[in-house]
Amino acid sequence: MSFLYSAALVTLADIDKEVLVKFYTKFLDIEPNPYIPNTYAEFQLPGLRLGIFKPKNSHKAEFLGIGKAGMSLCLEVSDIEMAIARIWALGCPPPGEIIKASHGLEIYAFDPAGNRLILHQPN
């Protein structure tokens, strides 16, 4: 038996004073919509909705394993150097160098909560 679904989105927990909401607002250069301060923010990206939520106090412990999840947010960019400059300006410099892959250029970075970002510029 199958079920129907109408949409999918990626959500990230923001446990520290809207650090991720502020970071993604500046990095993506868009305002979240909808936005409920200290509760939920959503960014409408091409082909993806990125939700950032504040977990209830009773659930915060579930999100304290920073950097141990297998999920990465991959953003396809038109100019990888410009994307790197923006992430540097936000205090999150990539720990490595640009990788030349068969499908284009990539660099890995991490947001303030330790979620992995892959910045990808296709060939």
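Scroll up to find the structure this text is about.
Within every chain, residues take consecutive numbers counted from 1 along the sequence as written. Only residues with pLDDT of at least 70 are given local features in this predicted model, and only at 80 or more are side-chain atom pairs given and counted; all residues enter the totals for whole chains, interfaces and linings. Side-chain measures were taken over the full set of non-hydrogen atoms in the model, leaving aside hydrogen atoms and water.

K.L.:
Explain the nonpolar core to me, please; I cannot follow it from the model alone.
P.N.:
Soluble, globular proteins show a tendency: their nonpolar side chains are buried together. In terms of nonpolar packing, the biggest core is built from 23 residues, with F23, Y24, L50, I87 and L117 touching the most fellow members. By the criteria applied, helices consist of DSSP H or I runs no shorter than four residues and strands consist of E runs no shorter than two, each listed in order from the N terminus. Those elements giving two or more residues to this core turn out to be α1 (19–28), β3 (40–45), β4 (48–53), β5 (72–76), α2 (80–89), β7 (104–110) and β8 (116–122). What F23 contacts, discounting residues up to four positions off in sequence, is I87, L90, C92, D111, P112 and L117. Here the nonpolar core consists of buried residues drawn from Ala, Val, Leu, Ile, Met, Phe, Trp, Tyr and Cys, with membership extended through side-chain atoms lying within 4.5 Å. Per-residue accessibility, obtained with a 1.4 Å probe over protein chains only, is compared with the maximum for each type, and a residue is labelled buried under 20%, exposed over 50%, and partly exposed between these values. The contact rule is simple, with two residues in contact once any of their heavy atoms fall within 4.5 Å.

K.L.:
Is there a simple way to think about the pattern of salt bridges in this case?
P.N.:
Where charged atoms from two side chains of opposite charge come close, those side chains can pair. We define a salt bridge as a contact between a side-chain nitrogen of Lys or Arg and a carboxyl oxygen of Asp or Glu at a distance within 4 Å. Under the definition given, this model contains 1 salt bridge. With its nearest N and O atoms 3.0 Å apart, the salt bridge here joins R49 to E42. When its relative accessible area of 27% is taken as the criterion, R49 is described as partly exposed.

K.L.:
Just checking my understanding: could you explain α1 for this structure?
P.N.:
An α-helical turn contains 3.6 residues, so a residue and the one three or four places further along point in the same direction. Taken as a whole, α1 has its buried residues at L20, V21, F23, Y24, T25 and F27. Positive phi appears at D29, one or two residues downstream of α1, with a value of about 60°.

K.L.:
Would you mind showing me how to read the side chain of E18 here?
P.N.:
Following the sequence through the fold, E18 ends up in the loop between β1 (10–13) and α1. Charge convention: Lys and Arg are scored as positive, Asp and Glu as negative, and His as well as the terminal groups of each chain are ignored. There is no salt bridge for the buried E18, and the closest opposite charge comes from K22, which lies 5.9 Å off by N-O distance. Counted as a polar contact is a pair of N or O atoms within 3.5 Å, where, for protein atoms, one must be capable of donating a hydrogen and the other of accepting one, and residues adjacent in sequence contribute only when both atoms are in side chains. Here the side chain of E18 touches Y35 through a polar contact of 2.7 Å, side chain to side chain. In this structure, E18 is in contact with Y35, I36, P37, N38 and T39, ignoring residues within four places of it in sequence.

K.L.:
Would you explain the sheet that holds β8 in this entry?
P.N.:
Within a sheet, adjacent strands bond to each other through the backbone by hydrogen bonds, running parallel or antiparallel. Any two strands with at least two DSSP bridges between them are considered paired. Overall, mixed pairing links the 4 strands, which are arranged β5-β8-β7-β6 in an open sheet. In the strand order of this sheet, the two ends are held by β5 and β6 (99–101), each with one partner. Going across the sheet, the axis of each strand differs from the next one's by a mean of 30°, ignoring polarity. Bridging between β7 and β8 involves 7 bridges; their strand directions are antiparallel. Each residue of the ladder has a partner; that of I107, found in β8, is L119. To get an axis, a line is fitted to the C-alpha atoms, and for a helix only the part in contact is used. The angle between two axes follows their N-to-C directions and goes from 0 to 180 degrees.

K.L.:
What should I look at first to understand the packing of aromatic side chains in this one?
P.N.:
Geometrically, a pair of aromatic rings is defined through the distance of the ring centres and the angle of the planes. Classification of ring pairs uses Phe, Tyr and Trp, with its six-membered ring standing for Trp, and accepts pairs whose centres are within 6.5 Å; under 30 degrees between planes counts as stacked, over 60 as edge-to-face, and the remaining range as tilted. Taken as a whole, this structure holds 2 aromatic pairs when the rule is applied. A ring pair is formed by F23 and Y24, whose centres lie 5.0 Å apart and whose planes are at 90°; its orientation type is edge-to-face. Residue classification places F23 among the buried residues on the basis of a relative accessible area of 4%. Seen in terms of ring centroids, F23 and F27 are 5.8 Å apart; in terms of plane orientation they differ by 10°. Their pairing is stacked. Here the residue F23 and the residue F27 both occupy positions in helix α1, the gap between them amounting to 4 residues, near one helical turn. Each member of the pair, F23 as well as F27, carries the same accessibility label: buried. Aromatic ring contacts, followed pair by pair, group F23, Y24 and F27 into a single cluster. Note on criteria: charge over ring means Lys NZ or Arg CZ within 6 Å of the ring centre, with the direction from the centre no more than 35 degrees off the ring normal. Seen from the ring of Y108, R116 lies directly overhead, with NZ or CZ sitting 4.6 Å from the centre.

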